[in-house]
Amino acid sequence: MRTQVNIQAGICGFRTSGNVLCEDSQHVAFALESDCAKIAEVARRLAELGPLDAYGEIDSRTESALLATTRNVLTGCCAGC
């Protein structure tokens, strides 16, 4: 399954587009492009991680790699980011 998204942030006006791909109903890969340097850094780090295990991301016994990545990069951003 592939999902595409186009986001135009209201407050800053930056644009982000992305593709999310899940071929096995478990592992999710992100490909993002953004005018925002911080979102571009999130995209780079997610690409380095490779496909994320969706079940692992929602397992309360472990930390979500997606949330940890965004939390570490998106400092000083508005709550929407």
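See the structure above.
In this text the structure is predicted, and so the values were computed from the model without any measurement.

About the thresholds
Residues numbered from 1 in each chain as written. Predicted model: local features only at pLDDT ≥ 70, side-chain atom pairs only at ≥ 80, totals over all residues. Heavy atoms only, no water. Helix = DSSP H or I, 4+ residues; strand = E, 2+ residues; numbered from the N terminus. Contact = heavy atoms within 4.5 Å. Axes fitted to C-alpha atoms, helices over the stretch in contact; angles between N-to-C directions. Left-handed = near helix turned anticlockwise from the far one by under 90°. Nonpolar A, V, L, I, M, F, W, Y, C, P; charged D, E, K, R; others polar. Core = buried A, V, L, I, M, F, W, Y, C linked by side-chain atoms within 4.5 Å. Buried < 20%, exposed > 50% of the residue type's maximum accessible area, 1.4 Å probe, protein only.

Colleague: Teacher, can you tell me more about the side chain of Thr16 here?
Modeller: Looking at the secondary structure, you find Thr16 in strand β2 (residues 15–21). Beyond its immediate chain neighbours, meaning those up to four positions away, Thr16 contacts Val5, Asn6, Ile7, Glu33, Ser34 and Ile39.

Colleague: Is there a simple way to explain the packing of helix α1 (residues 37–49) against helix α3 (residues 65–73) in this structure?
Modeller: Each pair of packed helices can be summarised by the angle the axes make with each other and by the distance between the axes. α3 packs onto α1 with a crossing angle of 145 degrees between their chain directions and a minimal axis gap of 10 Å. In the crossing of α1 with α3, the sense of the turn from one axis to the other is right-handed. In contact with Lys38, Glu41, Val42, Arg45, Leu46 and Leu49 of α1, α3 contributes Ala65, Leu66, Thr69, Thr70, Asn72 and Val73. Looking at the contact of α1 with α3, its residues break down into six nonpolar, three polar and three charged.

Colleague: Please explain the nonpolar core as it appears in this structure.
Modeller: In a soluble, globular protein the nonpolar side chains are often hidden away together inside. By size, the foremost hydrophobic cluster in this structure holds seven residues: Cys36, Ile39, Val42, Leu46, Leu52, Val73 and Leu74. For this core, the element with the highest residue contribution is α1, accounting for three residues. Once residues within four sequence positions are removed from consideration, Leu52 is found in contact with Gln26, His27, Val28, Phe30, Leu46, Glu57, Ala65 and Leu66.

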